[in-house]
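Structural features, examined
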Amino acid sequence: MKLPYERPTIRKLTAGALNKFGPRAGATPTTALDGVRVEELVARFGSPLFVLSERQLRRSYQAAVRAFGTRYPQVQLAWSYKTNYLNAVCRTFHQEGAWAEVVSGMELEKALLNGVPGPHILFNGPGKRRADLERACAVAAVIHLDNADELHLLLDVAASRPAPPRVALRVNLDAGSYPQWDRFGFNLENGEAWQALSRVVASGRLELVGLHCHIGTYVLQPSAYATAAAQLAALALRCQRKLKTTVQYLDLGGGFPSTNTLKGAYLPATDTVPSLDEYAEAITGALLAAGFRTGELPLLVLEAGRALVDDAGSLIGTVLATKRLADGRRATILDFGVNLLFTSFWYDHHISPARQFSDQTEPTVLYGPLCMNIDMLRESIALPLLSAGDQVVVHKVGAYNMSQWQQFINLRPNVVLIDQTSQVHLVRAAETLEYLQQLEQVPVHLQS
Amino acid sequence: MTTFYRLNLLPPHPSLPFFRMKLKPNIATSDAGFIFNPATGDSFAANPLAADILARTKTGQDAAAIKADILERYDVAPGQLEKDWDDLLAQLRDFNLLD
Amino acid sequence: MPTTSALPRLTVAVTGLNATDSPGPGVAVIRALRESPDFDLRIIGLSYEALEPGIYLRELVDKTFQLPYPSAGTAALLERLAHIRQQEDVAVLIPNFDAELYNFIKLGPQLRALGIHTFLPTLAQLEARDKLNLAAFGAAHGLSVPTSRPLHSAAELLATAETLGWPLVLKGRYYDAAVVHSLAQAEQAFARLAGQWGVPLIAQQFVAGQEINIAGLGDGHGRTLSAVPMRKLTITDRGKAWAGITLADEALLALARRFAEATSWRGGFELELMRTTSDELVILEINPRFPAWIYLTAAAGQNQPAALLRLAMSLPVMEMEDYAVGKMFVRYAWDLITDHTEFQQVAALGEL
């Protein structure tokens, strides 16, 4: 039996700090995901490989339902499709009881194909076309109005409908968080939202069922949600009083953070991000205190995306090469880059080796495989002495990466789902050149 | 074009140190893997394999013998070791520790 | 140090060994602890970098361990402390950096499980006195603080200056500040501070007057066990005190007591004050730990670190009334001599 090998290396001793693991502990390896060995996953499905945990998807969903449901009588989650619209993911959440929150005609069709009834689809977004609105009306989805042009377009569409389309109004407001989002929806403070609500009700052609507000993304202050909830509730009560219209639901949107650490943050997110319970407490506390009569509390809708799916996704990759840069820094080239790990633009992802190493670590730049200067995953990270062929696991990559990934220079890899009994299912096959080219057409004069 | 031609004609650099792992004589190494350069005041720490290699070179063992011994004792492919050997040389050169 | 002592032995770990030109309080805290009448102390230094002078002050610090930076998070810190606890019977830990307090407070219960006692403010207390929350804090407790507001972009500078007036004090999120007198200066300072410490910055109304600091110790139930006011006599070009003198002024002590009572402050604190020309006391900043000049409290007769040690060990501490007025400190620089082998031990192995 030969000794385990680790490449020889020396480092200059400086006055600076030790590596983040402390002097006596290396990085803890991740040798298995949900009971399946990383080695085995790579042998069967190749590298890079996205791995989804069904157990974690369900656990996160149930935790969110519990956080809000134990504090408020009527709660409904609507799965934010854009965060990850792989059907296996969507269907897991729908099985758990989630509605669908979609932001394009394509996502609307996807939700319908996943068996979501039209009235359980909330149609958001600033870019709805006439055909999208017609389709949404036909399937009785709820249209969340974003702007006045859209409102008038929908009034036009509604004129030829047998029943009034169901709508909600997206409202933007100052919840005290920064940056204040004001590009989506109608502004509350300048009276625009009230004007739109009055017009919706006065038209007699639309049925106002909800109010919606989504204050931002990765919002770290639960108190901002309390402010938004209180203002939305006040607006609903005003609708009841002045417009004689009962708002059935208040949609507080999403934007809840996951425990991924934002670039530039001083402390890791696992220590600083408020728990979902704190957000639930802020939102439900504000609604319960808003002055609704007993029995008339509106349904609370939440469009959580990242908080439900981020933890459930992992990305396995392989070291293609290590090299030294001109200034002596170590660089490690991986077989995935920003093409697959889009979120590395804003997160310092937690990355583990997939096997045991000694406690020696070294700082390295992490590059992807793209022949593009922007393809850098991390400017500096302390990792064990990796060599070509070693595997790494990137944690908490479930949100956005599998929808914002790019088919650029490389094709997209396999995605597998590990079910609750640790069976592995391929849920999206690796792309092929044939798949890439099947929509292309070569003009006749270029064919010979 | 002419520049390129001339560059090609340049003779190899006379004192390329890339291929010999010989520490400067004044460099102090310790059993714990510490390296001290008295001329610059810099200190370095070697991991166990690098410390082992440096200790052997100090006793005069040649590269081929050290490599053969590593290949025999450790779970590593010859190509990987060659690459890492070059890398260690480059680090030593970078830190100005080579003769 | 006495080698044979009738006093009970106790091992105490202390951070903030960076006794540099912008010093951490650790070395001063240790010096005061060494004068504790209660214990025969073994002092474990906890450092972040290999050239923190306290590491090499062997007559004050018995052994030093390096810690992972606060930014590595609580899990890494706990792992390291557990390792240290296996080698050293640490009974009390006294952190001395603002940036590390969050982690140590969060780890309170886990540290107790390791047998390590602390005496720290709560997370809510820490948060409430944060620069960003100081205005609300002052309003809530009827304490006079300068008007301030968060700045997220340089575009807000002009409107802010119109409200707060020139000159304006711009403060970095965690550290550093600049007094600016014009929009051009403000924009320049904004770029520098935001680049280093991120946004938001804090814009604070400039308060003119005499700068006074108070070091205090709260028992966590509203009582101030000790408060010693000091006026800076000279400062470095970074604004740090290089010499100071203890003052007698009932108004200053009353303010410290009001602060500790309003917040039920637990542990050491420092109030940075300005006494205006109209004799008003304005709180510029509240530090949630002892200041670097804390040894002056011991020299003046109120040994706050030694008292904190008793509190951490759940021993009674009486309110301290008297202190020597006109006691001065004059800081000095001193070249410690050590050897490259010691540096190697710290830099490579994290222990000395």
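Residues numbered from 1 in each chain as written. Chains lettered and ligands numbered in written order. Predicted model: local features only at pLDDT ≥ 70, side-chain atom pairs only at ≥ 80, totals over all residues. Heavy atoms only, no water.

1. Points about the sheet that holds strand S2 (residues 40–47) of chain C
All names here are of chain C. Keep this limit in mind: One requirement defines pairing of two strands: DSSP has to find at least two bridges between them. Helix numbering and strand numbering both begin at the N terminus, where a helix is a DSSP run of H or I of at least 4 residues and a strand a DSSP run of E of at least 2. An axis is simply a line fitted to the C-alpha atoms; with a helix, the fit covers only the stretch in contact. Between two such axes, the angle follows the N-to-C directions and lies from 0 to 180 degrees. What makes two residues a contact is simply this: any of their non-hydrogen atoms within 4.5 Å.
The 4 strands lie next to each other as S3-S2-S1-S4, forming an open sheet whose pairing is parallel. Pairing within the sheet leaves two strands with one partner each, and these edge strands are strand S3 (63–66) and strand S4 (90–94). Across the sheet, the mean angle separating the axes of adjacent strands is 25 degrees when strand polarity is ignored. Judged from the 4 bridges that link them, S2 and S3 form a sheet pairing that is parallel. Looking across to S3, one finds that Ile44 is bridged to Lys63. Helix-sheet contacts for helix H1 (residues 26–33) involve strand S1 (9–15), S2 and S4, and the interaxial angle to S1 is about 165 degrees. Of the strands in this sheet, S2, S3 and S4 touch helix H2 (residues 74–87), which is tilted by about 155 degrees from S3.

2. Considering helix H1 (residues 38–45) of chain A
Residues and elements named next belong to chain A. The line we're drawing: Under the scheme applied here, a residue whose accessible area is under 20% of the maximum for its type counts as buried, over 50% as exposed, and between as partly exposed, the area being computed with a 1.4 Å probe on protein chains only. Taken from the helix axis, the directions to the C-beta atoms give the arc we talk about.
Taken together, the buried positions of H1 are Val38, Leu41, Val42 and Phe45. On an axial view of H1, the arc spanned by its buried residues comes to 95 degrees, and they lie on one face. For H1, the exposed residues lying more than 90 degrees away from the buried face are Glu39 and Ala43. Among the residues trailing H1, Gly46 stands out with phi positive, at a value near 85 degrees.

3. Section: the interface of chain A and chain C
Bring the parts together and some accessible area is lost; that lost area is often taken as the interface size. What counts is decided by this rule: Here the quantity called buried area is the accessible surface, traced with a 1.4 Å probe, that two parts lose on coming together, added over both. We call two N or O atoms a polar contact when they sit within 3.5 Å, provided that within protein one can donate a hydrogen and the other can accept it, with sequence-adjacent residues counted only if both atoms are side-chain atoms. The classification used treats Ala, Val, Leu, Ile, Met, Phe, Trp, Tyr, Cys and Pro as nonpolar, Asp, Glu, Lys and Arg as charged, and all other residues, Gly among them, as polar.
Of the residues lining the interface, 17 residues belong to chain A; the matching set on chain C comes to 31 residues. Between chain A and chain C, a total of about 2000 Å² is buried, with carbon and sulfur atoms accounting for 61% of that surface. Our count for the contact surface shared by chain A and chain C stands at 4 residue pairs in polar contact (both at pLDDT 80 or more). Along the lines of polarity and charge, the residues of the side of chain A that touches chain C split into 10 nonpolar, 3 polar and 4 charged.

4. Describing the interface of chain B and chain A
Rules: Salt bridge, as used here: a side-chain nitrogen of Lys or Arg that lies within 4 Å of a carboxyl oxygen of Asp or Glu.
Taken residue by residue, the interface counts 30 residues in chain B and 20 residues in chain A. For the pair chain B and chain A, the two sides together bury roughly 2200 Å², of which 56% comes from carbon and sulfur. Between Asp87(B) and Arg330(A) there is a salt bridge whose closest N-O contact spans 2.6 Å. Put simply, chain B and chain A have 15 residue pairs in polar contact (both at pLDDT 80 or more) between them. Listing elements by their share of the side of chain B that touches chain A, those giving two or more residues are strand S2 (34–37), strand S3 (42–46), helix H2 (48–58), helix H3 (63–73) and helix H4 (78–94) of chain B. With 10 residues, H4(B) is the largest single contributor of residues to the side of chain B that touches chain A. Residues that form the side of chain B that touches chain A fall into these classes: 18 nonpolar, 4 polar and 8 charged. With 3 bridges connecting them, strand S1 (residues 10–12) of chain A and S3(B) associate as antiparallel partners. Bridging across to S3(B), Lys12(A) finds its partner in Phe44(B).

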